[in-house]
Every structure is written in structure tokens, then in C-alpha cells.
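# Reading the structure
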Amino acid sequence: PVVDIGPLGLVVELDRAMVQGTPFRCACGDDTIEVGPVDGRVAHCRLLLGASGAPPRYLAGISFGTLTPSVRAALDTLLARFEAAGTPQDRS
């Protein structure tokens, strides 16, 4: 699952550790916008602390590589939608 996303990359939750620098191809979106596929690289990976006996989970930061203009536009649109959804609307 995608935990966070921004203009330079994203954070994903994984069931295994990934080495820094590992190529990572991904796609994401919502019900109306698909972004990707995007080539990136693992910038960092860390183990999440969990309950005893639970399977290990990791958070990996993925840094995007060069984005094509169409992928950049789709990403900008998706981020704007997320921002608008998280911003309280003026009801006056």
C-alpha cells in the first residue's frame, strides 16, 4: 500500500526489506486518475515495529526518476485532488 505520495516520490509499505538504490517501478492513482508506470529507486527502507509474532512490515521511500510530461501532469492532478480532499471547504 502507498502510505504517502508527493511530487518527488512516495512511501510504500512492504513485507520485505529493500536495499537502497534498488530499482522500483510503480503505478498509483485513484478512481479516476492513473499515474505511471513510474521508474524510481529505493531511497530508504526501515522495519516497522509490530506486535510480537506478527510478520515483519517495512516502509520504503521511493524516489522518482525522470517523469514524462504526461506522467508529471497526471501526478500533479492526483496530488491536487488529494490536497483538495484534505482541505476544509468554505461552506458560506
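For the structure itself, look to the data block above.
Report follows, based on the coordinates. (Residues numbered from 1 in each chain as written. Predicted model: local features only at pLDDT ≥ 70, side-chain atom pairs only at ≥ 80, totals over all residues. Heavy atoms only, no water.)

## A short note on the overall build of the chain
Scanning the chain from N- to C-terminus turns up one helix and five strands. Ordered by position in the sequence, the α and β elements of the chain form the string β-β-β-β-β-α. In terms of overall dimensions, the chain is more spread out than a globule: its C-alpha atoms have a radius of gyration of 15 Å, far above the 12 Å expected for 92 residues. Taken along its principal axes, the extent of the C-alpha atoms in the chain is 50 × 35 × 20 Å. (Helix = DSSP H or I, 4+ residues; strand = E, 2+ residues; numbered from the N terminus. Rg over C-alpha atoms; globule rule 2.2 N^0.38 Å.)

## Some details on the pattern of salt bridges
Overall, the coordinates contain four salt bridges when judged by the stated rule. Of the charged contacts, one joins Glu-13 and Arg-57 as a salt bridge, the two residues approaching to 2.9 Å between their closest N and O atoms. Of this pair, Glu-13 sits in strand β2 (residues 9–14) while Arg-57 sits in strand β5 (residues 57–64), and the two are 44 residues apart along the sequence. The exposure class assigned to Glu-13 is partly exposed, which follows from its relative accessible area of 25%. Residue Arg-57 is classed as partly exposed on the basis of its relative accessible area of 29%. (Salt bridge = Lys/Arg side-chain N within 4 Å of Asp/Glu carboxyl O. Buried < 20%, exposed > 50% of the residue type's maximum accessible area, 1.4 Å probe, protein only.)

## Brief notes about unusual backbone geometry
Glycine aside, a negative phi is what most residues show, and trans is what most peptide bonds show. Cis geometry is adopted by the peptide bond preceding Pro-37, which originates at Gly-36 and carries an omega value of 10 degrees. Along the chain, the position of Pro-37 falls in strand β4 (residues 34–48).

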